[in-house]
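Geometric and topological summary
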Amino acid sequence: MENQGGAPTQHLAGHLGLDQVATVDPGVLRTMKAKGVTDFDCDLWIDGQGRTVRFEQRMDVQGVPAVNKVFFGEFGPVETFAVPTGG
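These numbers come from a predicted model, not from an experiment. (Residues numbered from 1 in each chain as written. Predicted model: local features only at pLDDT ≥ 70, side-chain atom pairs only at ≥ 80, totals over all residues. Heavy atoms only, no water.)

Attention now moves to the overall build of the protein chain. Within the protein chain one finds two helices and five strands. Against the globule reference of 12 Å for 87 residues, the protein chain gives a C-alpha radius of gyration of 16 Å, more extended than a compact globule. In terms of overall dimensions, the protein chain has C-alpha extents of about 45 × 40 × 20 Å along its principal axes. The buried share of the protein chain, taken over its 87 residues, is 22%. Within the protein chain, contacts between residues at least 6 apart in sequence are counted, and of these 35% link residues at least 24 apart. (Helix = DSSP H or I, 4+ residues; strand = E, 2+ residues; numbered from the N terminus. Rg over C-alpha atoms; globule rule 2.2 N^0.38 Å. Buried < 20%, exposed > 50% of the residue type's maximum accessible area, 1.4 Å probe, protein only. Contact = heavy atoms within 4.5 Å.)

Structure representation (structure tokens):
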């Protein structure tokens with residue numbers, strides 16, 4: 001547990017290889033391979049309502065360390081969606 005923006009959050013950390021990225025988004029996989037990325041580390045901070053409030057990603061891009069940090073806040077009302085029907 002960690003405090004983010006004055007609220008308690010659960011901090012999750014992971015390491016992903018390109019084989020795992022391939023199962024989620026082949027387009028991202030192609031981009032990562034083209035830039036020489038072989039794997040990356042990521043961290044998520046999840047609040048008590050299950051929302052991601054912070055995301056960090058670390059990797060080497062063409063041999064240069066890179067970090068992406070994203071902070072989320074000011075969440076609006078919960079949206080509901082109808083389940084798609086066959087088509």
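Among the nonpolar cores identified, the biggest contains eight residues, and these are L18, V21, L29, M32, V37, F40, C42 and M59. When contributions to this core are tallied by element, the ones reaching two or more residues are α1 (18–24), α2 (26–34) and β3 (39–47). Setting aside residues up to four positions removed in sequence, V21 forms contacts with V28, L29, M32 and F40. (Core = buried A, V, L, I, M, F, W, Y, C linked by side-chain atoms within 4.5 Å.)

Right, let's talk about the environment of T9 for a bit. Among the secondary structure elements, T9 is positioned in strand β2 (residues 7–17). Here T9 falls in the buried class, since its relative accessible area comes to 1%. Counting along the chain gives 29 residues from T9 to T38, while the straight-line C-alpha distance between them is 29 Å. Apart from the residues within four sequence positions on either side, T9 is in contact with M1, E2, Q4, W45, I46, D47 and V53.

Under the counting rule described, the total for this entry stands at four salt bridges. Residues participating in the shared-partner salt-bridge network are D43, R54, E56 and R58. (Salt bridge = Lys/Arg side-chain N within 4 Å of Asp/Glu carboxyl O.)

Let us look at the pairing of strand β5 (residues 64–71). For β5, the tally of buried residues reaches only zero of eight residues, placing the bulk of the element at the surface. Between strand β4 (residues 52–61) and β5, which pair antiparallel in sequence order, lie two residues; one of them, Q62, sits at a positive phi of approximately 50°. (Pairing = 2+ DSSP bridges.)

The grouping of V70, F72 and F75 at the surface amounts to a nonpolar patch, some 240 Å² of accessible area in total. By secondary structure assignment, the location of F75 is in the segment after β5. (Patch = residues over 30% accessible without salt bridge, like charges linked within 9 Å, V, L, I, M, F, W, Y side chains within 5 Å. Areas by Shrake-Rupley, 256 points an atom, 1.4 Å probe, with all protein chains shown as cover.)

A few words on the side chain of D47. Assignment of secondary structure puts D47 in strand β3. Engagement of the side chain of D47 in a polar contact is seen with the backbone nitrogen of Q49, the distance being 2.9 Å. (Polar contact = N/O pair within 3.5 Å; in protein donor to acceptor, adjacent residues only side chain to side chain.)

Under the definition given, this model contains zero aromatic pairs. Directly above the aromatic system of W45 lies the positively charged group of R54, at a separation of 4.0 Å from the ring centroid. (Phe/Tyr/Trp six-rings, centres within 6.5 Å; stacked < 30°, edge-to-face > 60°. Lys NZ or Arg CZ within 6 Å of the ring centre and 35° of its normal.)

In space, the five strands of this open sheet follow the order β1-β2-β3-β4-β5, with antiparallel pairing throughout. In this open sheet, the two strands that pair with only one neighbour each are β1 (2–4) and β5. Across the sheet, the mean angle separating the axes of adjacent strands is 30° when strand polarity is ignored. For β4 and β5, the ladder comprises eight bridges, and the chain directions are antiparallel. Across the sheet, residue F55 finds its bridge partner in β5, namely V70. (Axes fitted to C-alpha atoms, helices over the stretch in contact; angles between N-to-C directions.)

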